[in-house]
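Spelled out, the chains give:
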Amino acid sequence: MRLESYGAPLSLEEIDRPETGDGVLVRVEAAGVCHTDLHIVSGSYDLGEGNLLKMSDRGILLPITPGHEIAGTLVDLGGHVDTSLKEGDRVVVYPWLGCGECRKCAAGFENLCEAKPASLGIFNDGGYAEYVRVPHPRYLVPTGGIGPSQAAPLACSGLTTFSALQKCGLHEGDLLVILGAGGLGTTAIQLAKKTTGARVMVLDVNPSKLRLASELGADQTIETSGREKTDVVSEIKRSNRGRGADAVLDFVGNPSTSTMGFEMLTKQGRLVIVGLFGGSAPFSLPLFPLRGASVLGSFTGTLAELSELVRLAAAGTVRPVVSAEHPLEDANLVLQKLGSGEVMGRAVLRP
Ligand SMILES: [Zn+2]
Ligand SMILES: [Zn+2]
C-alpha cells in the first residue's frame, strides 16, 4: 500500500521485491497502524499559530510505503555473518534509523539523528507490504515467542511509551497521570503498574477506553468529556491528598491536554509530551521556577530500549492491546477508523 501523493488515499500496487543489497530482507507478517501514518498521509504536522511542518520539508520523497511497526520473518541475511540471527527467525524491526555517524547516532540515539534521519515507513519504504529491506541485522530484535501482531506495536507505540516512562523519574507511591487511553496509554498503564510502583490515573474523553484502562490496572480513571480543566485538576488533587501529579504523560499533545497536564503538576513535577496532535499552548512562566516543574518531549526510543521492552513483553510484563487484524488492502479503512478515534489499542495489517 503506497503513498503516491499527500492527502490522497494509499494505493494497492504491485512492485518488485526489494533488493537485499548490503542489508537484510524481512517478510512482513504484521504492520501496526500508527497515528504518525495519518500525518504522513496528510502531509504535515500542525505546529500551531497557523504553521505547518510539512513532510516534504522533512526530506520525505514520494512514493513511499508507510508502516514503521513491523514484525515478521528474516528471510535473507544477505552477506551478513556478523550476527547471531539466522534466516527463519521471527523478529521485530527497529525502524528509527539515523545516519549512523552523527553525535546522536554514535551515542545510541539514532531516533534523534541530527544529520539524516532514515526511518523505515517514513523516509524509506516500510511495512505496509509483503517485504521490507532493513539496512543491517542489528536493527532486528528476536521476538522471543511473541506473535507477530503483538510484537509489531512494540516498535513504535510500545517503544515510545517505554522511553517516555523512563523520563518521568517515578518513585514508589508517586502519582502518574496518563492523558489518553489509546494504543500508547494502554501500554503505559501496564508498564507503569508493573515497573514503577506509582499510582496510575488515566484521563480520556471516551468511557469505553477508560473501562479498558481499568481492566489493565489503572488505579483511577476520570472522564474529561465536556468538563472544565480546573474542575478536573481539583478532582485529581482531592484524590491525592491535596497534591498534584508527580508526572504526566500526555499522549494527545494538543493545547488543552498539555496545559491541563502542566496545571496538575506538583512540586518537581514533569510533563512529558509524546502525542503529536498539534497546536501551540501558553504556559504560566513563573510556575516553572516556583514549582521546579519541567516540560519535556519524548520521541520514539532507542534500539537498546526496544531490546529491553521486547524482553519485558516476552516475560509477560506488558502486552500491547491489539483489537483488530486486517488484510493489507484495508490500510485506508484502518487509517480512517484511527483518525475518528474508533480503534481500541492497536489495529494491525497482516500482509
Ligand atoms: Zn508510530
Ligand atoms: Zn545521525
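Residues numbered from 1 in each chain as written. Chains lettered and ligands numbered in written order. Predicted model: local features only at pLDDT ≥ 70, side-chain atom pairs only at ≥ 80, totals over all residues. Heavy atoms only, no water.

**Student:** Would you mind going over the coordination of the zinc ion (ligand 1) with me for this structure?
**Tutor:** Each donor-metal-donor angle would ideally measure 109.5 degrees in four-coordinate tetrahedral geometry, or 90 or 180 degrees in six-coordinate octahedral geometry. Bound to the zinc ion (ligand 1) on the protein side are C34 (SG), H68 (NE2) and C156 (SG), at distances that span 2.0 to 2.2 Å. Each donor residue of the zinc ion (ligand 1) lies on one chain, and together they are spaced C-x33-H-x87-C. Here the residue C34 occupies a position in the loop between β1 (24-32) and α1 (35-42), and H68 occupies one in the loop between β3 (51-54) and β4 (69-76), the gap between them amounting to 34 residues. Judged by its relative accessible area of 0%, H68 is buried. (Donors = N, O, S within 2.8 Å, 3.2 Å for Na, K, Ca; no water. Helix = DSSP H or I, 4+ residues; strand = E, 2+ residues; numbered from the N terminus. Buried < 20%, exposed > 50% of the residue type's maximum accessible area, 1.4 Å probe, protein only.)

**Student:** Would you mind showing me how to read the domain arrangement of the protein chain here?
**Tutor:** Each assigned domain of the protein chain is listed here: domain 1 (24-156 + 301-350) and domain 2 (159-297). Computed over C-alpha atoms only, the centres of domain 1 and domain 2 are separated by 26 Å. Tallying the contact residues gives 28 residues for domain 1 and 23 residues for domain 2. For the pair domain 1 and domain 2, the summed buried surface comes to about 1,900 Å²; carbon and sulfur atoms form 62% of the total. Counting every contact that joins domain 1 to domain 2 gives seven residue pairs in polar contact (both at pLDDT 80 or more). In terms of residue count, helix α10 (residues 303-314) provides more of the side of domain 1 that touches domain 2 than any other element does, five residues in total. (Domains from an automatic or database assignment. Contact = heavy atoms within 4.5 Å. Buried area = accessible area lost by both parts, 1.4 Å probe. Polar contact = N/O pair within 3.5 Å; in protein donor to acceptor, adjacent residues only side chain to side chain.)

**Student:** In this structure, what is going on with the coordination of the zinc ion (ligand 2)? I would like to understand it.
**Tutor:** Those donors, C99 (SG), C102 (SG), C105 (SG) and C113 (SG), are the protein atoms that reach the zinc ion (ligand 2), and they lie 2.3 to 2.4 Å from it. Around the zinc ion (ligand 2), the four donor atoms sit at angles spanning 105 to 115°, and that spread fits a shape best called tetrahedral. Going along the chain, you hit the donors of the zinc ion (ligand 2) in the pattern C-x2-C-x2-C-x7-C. Residue classification places C105 among the buried residues on the basis of a relative accessible area of 8%. (Tetrahedral: all angles 85-135°; square planar, octahedral: opposite > 155°, others 65-115°.)

**Student:** It is not clear to me how the packing of aromatic side chains should be interpreted in this structure. Could you clarify?
**Tutor:** Each pair of aromatic rings is reported with the distance of its centres and the angle of its planes. Applying the stated criterion across every chain yields a total of five aromatic pairs. A ring pair is formed by W96 and F299, whose centres lie 5.7 Å apart and whose planes are at 70°; its orientation type is edge-to-face. Of this pair, W96 sits in the loop between β5 (90-93) and α2 (103-106) while F299 sits in the loop between β13 (294-297) and α10; the two residues are 203 residues apart in sequence, bridging distant segments of the chain. Residue W96 is classed as buried on the basis of its relative accessible area, which comes to 2%. Looking at F299, the relative accessible area reads 35%, which means it is partly exposed. With centroids separated by 5.2 Å and ring planes inclined at 80°, the aromatic side chains of F262 and F283 adopt a geometry described as edge-to-face. With F262 in helix α8 (residues 255-263) and F283 in the loop between β12 (265-273) and α9 (287-291), the pair connects residues that are 21 residues apart, well separated along the chain. Its relative accessible area of 3% is what places F262 among the buried residues. One cation-aromatic arrangement involves R17 over Y131; the distance from NZ or CZ to the ring centre is 4.5 Å. (Phe/Tyr/Trp six-rings, centres within 6.5 Å; stacked < 30°, edge-to-face > 60°. Lys NZ or Arg CZ within 6 Å of the ring centre and 35° of its normal.)

**Student:** For this particular structure, what's the right way to read the pattern of salt bridges?
**Tutor:** One pass over the full model with this rule turns up twelve salt bridges. A salt bridge links E29 to R90, with the nearest nitrogen and oxygen atoms 2.9 Å apart. Within this pair, whereas E29 is found in strand β1, its partner R90 is found in strand β5, the two being separated by 61 residues in sequence. Note that E308 and R311 form a salt bridge whose closest N and O atoms lie 2.9 Å from each other. With a gap of three residues between them, E308 and R311 both fall in helix α10, about one helical turn apart. You can call R311 partly exposed: its relative accessible area is 49%. By sharing partners, the salt bridges in this structure join R227, D231 and E235 into a single network. (Salt bridge = Lys/Arg side-chain N within 4 Å of Asp/Glu carboxyl O.)

**Student:** Please clarify how unusual backbone geometry should be interpreted in this entry.
**Tutor:** As a rule of thumb, non-glycine residues mostly have phi less than zero, and peptide bonds are mostly trans rather than cis. Cis peptide bonds are those with omega within 30 degrees of zero, and the linkage from L62 to P63 qualifies with 0°. Among the structural elements, P63 can be located in the loop between β3 and β4. At Q268, a position not held by glycine, the phi torsion is positive, near 60°. Tracing the backbone through its elements, the reader meets Q268 in strand β12. Of the residues examined, Q268 reaches a relative accessible area of 65% and is grouped as exposed. The backbone of T300 shows a phi angle near 45°, a positive value even though the residue is not glycine. By the element assignment, T300 lies in the loop between β13 and α10. Looking at T300, the relative accessible area reads 3%, which means it is buried.

**Student:** Help me understand the nonpolar core, please; the structure alone is not making it clear to me.
**Tutor:** Note that soluble globular proteins tend to have their nonpolar side chains buried in a common cluster. With 83 residues, the main nonpolar core has Y128, V134, L140, L176, I178, V202 and L249 as its most contacted residues. Per-element accounting of this core gives the leading share, six residues, to α10. If you count residues domain by domain, this core takes at least three from each of domain 1 (24-156 + 301-350) and domain 2 (159-297). For V134, the residues in contact, after removing those within four places along its chain, are G23, V24, V26, V93, L120, Y139 and L140. Membership of the second largest hydrophobic core comes to 17 residues, among which are V232, V233, A245 and F262. (Core = buried A, V, L, I, M, F, W, Y, C linked by side-chain atoms within 4.5 Å.)

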